[in-house]
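Architecture at a glance
Residue strings, one per chain:
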Amino acid sequence: MNFEAVIGLEIHVQLNSPTKMFCDCPNRPADPPNLNTCPTCLWLPGALPVFSRNVLEKAILLCLSLNCEIQATSAFDQKVYYYPDLPKGFQLSQFHKPLSKNGWLDIVTGEAETRRLRIRKIHMEEDVARLVHETEDHKQISLVDFNRAGAPLVEIVTEPDMHSSYNVMEFLKALRRQMRYSGSSECSMEQGTMRVDANISLRPEKSEEFNTKVEVKNMNSIRNVGDAIDYEIARQKDSKEKGGEIVLHTRLWDPDKKITSPMRGKFEGPCIPDPAVSTIVITEGYVNEIKARLPEMPDKKITRFIQQYGLTEQEASLISSELDLSLYFEDTVKKGASPRTVVHWLTSTMTSCIRERGLSWSDLPVSAENFANLLGMLERNEITSKATKKVLSVMFDTDKTPETIVKELDLKQVSDINELEALVEKLLSGNHDAVESLKKGNEKVMDFLVGQAMRESKGRANPRIIAEIIAGKIK
Amino acid sequence: MEKDFVYMNPDIRDGEEDGLFSKPVASLQPNMSVKGWLCDAGSAALENYVALEDATVTERLKEEGFFIKGFTRMSELGFGLRGDTAAGAACGGKAEIAFMTDTLGESRVSASLKGLFGYKPSYGVVSRYGLIGLVPSMECYGMVSSSIENISKAVRTTSGFDSRDPSMPDETPPDFNITMDMRNPTVGFLSQCMALLDEEETEAFTAALDTAREAGIGVVELGFDDFSLMANVHNVIGSVEASSSGGKYDSVRYGHRAKSDNNWNDMYIKSRSESFGSIVKAYMLQGGYFQYKAYSDFESACRIRARIIQKTNRLFEKADIIVMPSRGRNPSIDLQDSISDIYETFTFSLYANLTGGPAVSVPGLAIAEDTDIGFQILGPIREDGRVLSLASVLTATINRKGRR
């Protein structure tokens, strides 16, 4: 029998609000242990939670970026469980009345179709403390770091609309892009600011039934999510084919061994409305106020880039994949560089410069103006593309303008015909065999000769003109 | 140490007491945080817990020059009246004002037992920040004193917006001032409530109504069908909140920790089993039952509570004040061995905790044979000045009567 996978996701995203969710402590979980704490987030007796407005704003921004409907009233519940990372015995979460519902995102499937995937709800909840397991005097000890306790999270619950690991990964990429655009989260699976749990079940192809699902956790990259889903689909298929029954449980993904294995069942407590935290009432006016703060979102931007700058759909979508990249692109174009040249350089050399230095588009050390000037020199044939790469690399590490660097490194391209002709004369007289070969029509020799000329001129010669001169002389 | 106190302010040195008491004296309970004091809330679950900071009420009392004499003995986490001594501290001038947790009506019932005034302010007018409690939506700082003026002064001192308590509306605080000129108010009594009184209690309560009439106050009879549901609603919601909110008393950072070599879960279960007294434990278990096995009953209780509040608002369109006894004649104060015993004791007082309205128990007005059952005055939420004023007017009337 052929099976179809049915996949739904539960995604936890850490909001980048300045404060924690129910107190004024800084929301910086990575600081030295227990630095950002107060009676409220230490959950000491007598302390009360006061919901932070700045957290609500970030959460609403995030929901709007995922096309969700903000609910007029939402409220917090106490989700009961006992564990040392949660010393008050309950987590504040929105179980009965979530902040928003009915969102969606479009993805392009593996079959190149656009498909709309639904988001059931997004609710807010507080993070718990972090446990650190160490050894002291040959004894195992567990330490608790409260920096993360009370940090703001949202949980995104999708409908089970996905049927392949490819679509899940595309969905996660789209989700991450939207949320990053909204400015509400860093959304890094690698750094744990986005955590994805996948619920997977199988059903006979073309049926509409929903079968017992298995939850898979502990993936630390989008790639991992895809691998874990593929593994789990294969495992369940195998089990079904052998006549086994799928039981509801949770499995942990092991990224090294690339397998999932069952984890101990977690106690699922009840949820009761919190009597202390007030109901959140959100007016339409307030939602609109926040909506106005969203930047131009990727879909609109891609369309505009195609129309306004003549980019291909692929280029436009690549350049819109990150907000800062798209802004930098437009800034550079406004400073006079031609759009497609900018796209080419941003997506190739610039991207590797950033990666090599562990930077991101938000902390680019090269101003759009300098970058535009550099590309201008290239377009005017004042420097070669090889020289452009070199100058760009220096620009990343110094404050110098491209003009200064070109001058200092003597990289100005030689386009002067007389100078180049002399160079070619010298070259041809020293390479009789090559010249003969070229005359017989061996085109590869042309590349060799141009390369020699470039080496001779230390990369400054204009290769196009060199080739023209050689061709002229050979005739 | 004075017998009503479990902890005395260390500033009091032998023989130096008098000098300190030029200030107004207040007593607190050990669940009302005072920085550096042992705040165990009368429970082994908070053993060794020393408060890191003052509760808002503590802070405001200190700022206004009150002297906090110490902690009185309290029932575990402020639930019920087992061994409470706050009212004792308010007797005979030992403390001008005794603060006591009011979850079911503890302040009003214990005040009536000692012939004192007991007051529960409107929910959300006195900050609960720093109050170590059990039932967040019902409990508040109650106040007991021999004088209604002291109570008015204490609530004026401690009330007012506090950004640290999310249940406080960011509004102008209500008027807590006492006025003797009440402009012909009407009080209403509930027939369903009268039906619960025995002959002596009825007589005593009727006498109190007569005093009100003498003071020029109109008296009307009102009906409230849901009266008999109140205790059950309070019981279900209260126990669910206790079960969930009480989760923070887990013996990890403070409180009694049981010896356990196994694992975390085992440690939690043993510690909590050994820490809590039988009443609180039973209450939490009951709450757990509603959370896990009968959640829809909890939801029904919440709906009925909302309806009770609505109907109460309608009652206040017919009368300015609702009156009833504070307690029955024979409450089993010292024999509170079960949750139903406790709820029976607070039959009349828990109404205000359920609705959040202000209530005062006035002594000397309703005496059943030799027992003062307390004359309870309930007002609409945030109309604290109205109940305090009526208490004052009635007290003046009865005093005049006494002199005649």
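Model, not experiment: these values are computed from the prediction.

A separate point is the overall build of chain A. The helix and strand inventory of chain A stands at 15 helices and 16 strands. For 475 residues, the compact-globule formula gives about 23 Å, and the C-alpha radius of gyration of chain A, at 29 Å, lies well above that figure. By its C-alpha atoms, chain A is 90 × 60 × 55 Å across when sized along the principal axes. The 475 residues of chain A split such that 40% are buried. A separation of at least 24 residues holds for 70% of the contacts in chain A among residues at least 6 apart in sequence.

According to the domain assignment, chain A consists of domain 1 (3–287), domain 2 (295–409) and domain 3 (417–474). Once you take the C-alpha centre of each, domain 1 of chain A and domain 3 of chain A turn out to be 63 Å apart.

The subject of this paragraph is the sheet that holds strand 2 (residues 25–28) of chain B. Hydrogen bonds between backbone groups are what pair the strands of a sheet, and the pairing can be parallel or antiparallel. All names here are of chain B. An order of 1-3-2-4-6-5-10-13-9-7-8 is seen for the 11 strands of this open sheet, with the pairing classed as mixed. Each edge of the open sheet is held by one strand with a lone partner, namely strand 1 (5–8) and strand 8 (218–222). Across the sheet, the mean angle separating the axes of adjacent strands is 30° when strand polarity is ignored. Note: strand 9 (residues 321–325) against strand 13 (residues 375–378), four bridges, orientation antiparallel. Bridged to I322 within strand 13 is L378. Those strands touched by helix 4 (residues 106–113) are strand 4 (97–102), strand 5 (117–120), strand 6 (140–145), strand 10 (359–362) and strand 13, and its axis lies near 175° from that of strand 5. Its contacts with the sheet place helix 7 (residues 199–214) against strand 7 (186–190), strand 8, strand 9 and strand 13, and it is angled at close to 140° to strand 8.

Okay, helix 11 (residues 402–409) of chain A next. Residue and element names in this part refer to chain A. The set of residues buried in helix 11 consists of P402, I405 and V406. End-on view of helix 11: buried residues confined to an arc of 100°, all on one side of the axis. In this structure, helix 11 carries K407 and E408 as exposed residues pointing more than 90 degrees from its buried face. Where helix 11 is buried, its residues contact helix 9 (368–379) and helix 10 (385–397).

Attention now moves to unusual backbone geometry. All names here are of chain B. Despite not being glycine, N184 has its phi angle at roughly 45°, a positive value. For N184, the position within the fold is in the loop between helix 5 (148–158) and strand 7. Since 8 C-beta atoms lie within 10 Å of it, N184 is described here as exposed. Of note, R382 is a non-glycine position whose phi angle comes to about 70°, a positive value. Relative to the assigned elements, R382 resides in the loop between strand 13 and helix 14 (384–403). Residue R382 is classed as buried on the basis of its C-beta count, with 21 C-beta atoms lying within 10 Å.

Another point: helix 7 of chain B. Three- or four-residue spacings in an α-helix give side chains the same orientation, since the helix completes a turn every 3.6 residues. All names here are of chain B. With 16 residues, helix 7 extends 23 Å between its outermost C-alpha atoms, agreeing within 8% with the 22 Å of an ideal straight helix rising 1.5 Å per residue. Considered for burial, the residues of helix 7 that qualify are E201, A204, F205, A208, T211 and A212. All buried residues of helix 7 lie within an arc of 105° about the axis, which places them on one face of the element. Away from its buried face by more than 90 degrees, helix 7 exposes E199 and R213. In the stretch just after helix 7, G216 is the one whose phi turns positive, near 85°.

Moving on: the packing of helix 12 (residues 417–429) of chain A against helix 15 (residues 463–474) of chain A. All names here are of chain A. Between helix 12 and helix 15, the shortest axis-to-axis distance is 10 Å and the interhelical angle comes to 55°. In terms of axis orientation, helix 12 runs oblique to helix 15. For the element pair helix 12 and helix 15, the recorded crossing hand is right-handed. Note on element contacts: helix 15 touches helix 12 through I465, I466, I469, I470 and K473, opposite L420, E421, V424 and L428. A breakdown of the residues in the contact of helix 12 with helix 15 according to their chemical character gives seven nonpolar, no polar and two charged.

Reading guide: rules and limits
- Residues numbered from 1 in each chain as written.
- Chains lettered and ligands numbered in written order.
- Predicted model: local features only at pLDDT ≥ 70, side-chain atom pairs only at ≥ 80, totals over all residues.
- Helix = DSSP H or I, 4+ residues; strand = E, 2+ residues; numbered from the N terminus.
- Rg over C-alpha atoms; globule rule 2.2 N^0.38 Å.
- Buried ≥ 20, exposed ≤ 12 C-beta atoms within 10 Å, placed from the backbone.
- Contact = placed C-beta atoms within 7 Å.
- Domains from an automatic or database assignment.
- Pairing = 2+ DSSP bridges.
- Axes fitted to C-alpha atoms, helices over the stretch in contact; angles between N-to-C directions.
- Arc of directions from axis to C-beta.
- Expected span 1.5 Å × (residues − 1).
- Parallel < 35°, antiparallel > 145°, perpendicular 65-115°, else oblique.
- Left-handed = near helix turned anticlockwise from the far one by under 90°.
- Nonpolar A, V, L, I, M, F, W, Y, C, P; charged D, E, K, R; others polar.

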